[in-house]
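Reading the structure
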Amino acid sequence: MRALPFSNVRLWAGVALALAITVWSVFYAVPIMEAHSRVAAVLAGWAGLPVSGWAPVGVFPGLEPASGPVLAIPTFSEVSEGARLALLLSIVGLLIVAQRFSLFRNVANFLIVLLVASAVANAVFDNFRLESITFGQIWLRQEMLVWLILPWVLLLLFVIPQPNLLRGLVWVVFLQAYGFVFSAVRMVFVLGMLHYTGLIFMPPLWFLLGTMSDLLFVLFFYSLSIHRSSGELWGVRDSWQSHF
């Protein structure tokens, strides 16, 4: 990072774009969330989920209404034996992963803790029901905050370190759109898991596919961007090659 050439032009152009995206996201929050619901509805139809409709929900004061899915989510007492067996098999599988792959040991152990805690909580509160509309409301609240903060994070990661100004700005717009579509995909997947297994897998699903997924996709594309920028700044070199 210290070797990257700094440019005031890139900085202020990135700030202008980030500000424009943020202001646009605030003023058009309701249409954006409605578009998100329409994309999710299409994906749910492709996945075969029996979503019976979309009901209005409040997200934030002044940024509402949005639409939440109407879909049955069973309580723990109503889930099938297959779902409970899947919970046990998941724990066994994670134990095997933790023993065989040291790189994933900490993550696997943490997921096991989440699954065990979920099993205990579901067994104690076996009649607790999460409404799908409430899930949709929580999801949109989380993602709306991400969409408002994301342009400023992308400014720091993709515009300032990027030698080419236009390419950096394109990265920002692309990742903002990618995050929107990726959010709908993750929402439908979690919704499908809740419909068929209840709240058994909710803690690990929220951990893996919640805000952390937004962080991971940004870091994935950031690594691609930095790799290409480094090649342009210092030339393409053989990776992991030592010269004596």
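Residues numbered from 1 in each chain as written. Predicted model: local features only at pLDDT ≥ 70, side-chain atom pairs only at ≥ 80, totals over all residues. Heavy atoms only, no water.

1. Quick word on the overall build of the protein chain
Let me state the cut-off plainly: Comment: elements are numbered from the N terminus, with helices defined as DSSP H or I runs of at least four residues and strands as E runs of at least two. Residue exposure (1.4 Å probe, protein chains only): buried if accessible area is under 20% of the type maximum, exposed if over 50%, otherwise partly exposed. The contact criterion used is simple: two residues touch if any of their non-hydrogen atoms lie within 4.5 Å. Areas reported as accessible are Shrake-Rupley estimates using a 1.4 Å probe. Residue values count occlusion only from the protein chains shown. Positive residues here are Lys and Arg, negative ones are Asp and Glu, while His and the chain termini are left out of the count. By convention, charge coordinates are those of NZ in Lys, CZ in Arg, CG in Asp, or CD in Glu.
Secondary structure summary: the protein chain contains 8 helices and 2 strands in total. Here the C-alpha coordinates of the protein chain stretch approximately 60 × 55 × 30 Å along the principal axes. Burial analysis of the protein chain (244 residues in total) assigns 41% to the buried set. Residue pairs at least 24 apart in sequence account for 77% of intrachain contacts in the protein chain once pairs closer than 6 positions are excluded. Just so you have it, the protein chain exposes about 13,700 Å², and 71% of that area is on carbon and sulfur atoms. For the protein chain, the separation between the mean place of its 12 positive charges and that of its 10 negative charges on side chains is 13 Å.

2. Here's the deal with the packing of helix H2 (residues 29-47) against helix H5 (residues 132-159)
To be explicit about the condition: Axis definition: a line fit to C-alpha positions, over the contact stretch in the case of helices; interaxial angles, taken between N-to-C directions, run 0 to 180 degrees. An angle below 35 degrees is read as roughly parallel, one above 145 as roughly antiparallel, one from 65 to 115 as roughly perpendicular, and any other as oblique. Should the near helix be turned anticlockwise from the far one by less than a right angle, the crossing is left-handed, and should it be turned clockwise, the crossing is right-handed.
Viewed as axis vectors pointing N to C, H2 and H5 meet at an angle of 120°, and their least axial separation amounts to 12 Å. Classified by the angle their axes make, H2 and H5 are oblique. For H2 against H5, the interelement crossing comes out right-handed. Across the interface between the two elements, Ala29, Ile32, Met33 and His36 of H2 pack against Trp139, Leu140, Met144 and Trp147 of H5.

3. Topic: the nonpolar core
Nonpolar side chains tend to gather and get buried jointly when the protein is soluble and globular. The test is simple: Grouping buried Ala, Val, Leu, Ile, Met, Phe, Trp, Tyr and Cys residues that are joined through side-chain atoms within 4.5 Å yields what is termed a nonpolar core. Domain start and end points were adopted from an automatic or database domain assignment.
In terms of nonpolar packing, the biggest core is built from 27 residues, with Leu94, Leu115, Phe135, Val190, Leu194, Ile200 and Phe201 touching the most fellow members. Where this core is concerned, the elements lending two or more residues are helix H3 (81-100), helix H4 (105-124), H5, helix H6 (165-197) and helix H7 (202-209). Looking at which domains feed residues into this core, each of domain 1 (28-73 + 131-230) and domain 2 (75-129) gives three or more. Core analysis: the next-biggest nonpolar cluster, separate from the first, contains 14 residues, Leu155, Val159, Leu169 and Val172 among them.

4. Quick notes on H7
For the record, the criterion: By construction, the arc corresponds to the directions joining the helix axis to the C-beta atoms.
For H7, the set of buried residues is Met202, Pro204, Leu205 and Leu209. Buried residues of H7 fall within an arc of 165° about the axis and therefore sit on the same side.

5. A look at the domain arrangement of the protein chain
We count it as follows: Note on terms: buried area is the combined drop in 1.4 Å-probe accessible area of two parts once they are placed together, counting the loss on both. Criterion for a salt bridge: a side-chain nitrogen of Lys or Arg within 4 Å of a carboxyl oxygen of Asp or Glu. Pairs of N or O atoms are called polar contacts if they sit within 3.5 Å, as long as, within protein, a hydrogen donor faces a hydrogen acceptor (for residues adjacent in sequence, only side-chain-to-side-chain pairs). As a working rule, the residues Ala, Val, Leu, Ile, Met, Phe, Trp, Tyr, Cys and Pro are called nonpolar, Asp, Glu, Lys and Arg charged, and the rest polar, with Gly in that last group.
Looking at the assigned domains, one finds that the protein chain contains domain 1 (28-73 + 131-230) and domain 2 (75-129). Domain 1 puts 12 residues into the contact, and the matching count from domain 2 is 16 residues. Carbon and sulfur atoms supply 74% of the area buried between domain 1 and domain 2, which totals about 1,200 Å² over both sides. The largest share of the area that domain 1 buries against domain 2 comes from Leu199, Ile200 and Phe201, three residues that together contribute 44% of it. On the surface where domain 1 and domain 2 come into contact, there are 0 salt bridges. In this assembly, domain 1 and domain 2 are joined by 3 residue pairs in polar contact (both at pLDDT 80 or more). For the side of domain 1 that touches domain 2, the secondary structure elements donating two or more residues are H6 and H7. The leading source of residues in the side of domain 1 that touches domain 2 is H7, at 4 residues. The class makeup of the residues in the side of domain 1 that touches domain 2 is 9 nonpolar, 2 polar and 1 charged.

6. Comments concerning the packing of helix H1 (residues 8-27) against H6
Look at H1 against H6: their axes get within 10 Å of each other, and the N-to-C directions meet at 20°. Taken together, the axes of H1 and H6 are roughly parallel relative to one another. In the packing of H1 onto H6, the handedness of the crossing is right-handed. Contacts between H1 and H6 pair Val9, Arg10, Ala13, Gly14, Leu17 and Ile21 from the former with Leu165, Leu169, Val172, Val173 and Gln176 from the latter. Looking at the contact of H1 with H6 residue by residue, the classes come out as 8 nonpolar, 2 polar and 1 charged.

7. Remarks on the side chain of Ser118
Tracing the backbone through its elements, the reader meets Ser118 in helix H4. Here the side chain of Ser118 touches Leu199 through a polar contact of 3.3 Å, landing on its backbone oxygen. Residues within four places of Ser118 in sequence aside, it is in contact with Leu199, Ile200, Phe201 and Pro203.

8. With respect to the pattern of salt bridges
Per the stated rule, a full pass over the model turns up 3 salt bridges. Between Glu78 and Arg129 there is a salt bridge, and its shortest N-O distance comes to 2.9 Å. Of this pair, Glu78 sits in the loop between strand S2 (66-70) and H3 while Arg129 sits in the loop between H4 and H5, and the two are 51 residues apart along the sequence. A relative accessible area of 47% means that Glu78 is categorised as partly exposed. Judged by relative accessible area, which is 37%, Arg129 ranks as partly exposed. Each member of the salt-bridge network shares a partner with another, and the members are Glu143, Arg186 and Asp214.

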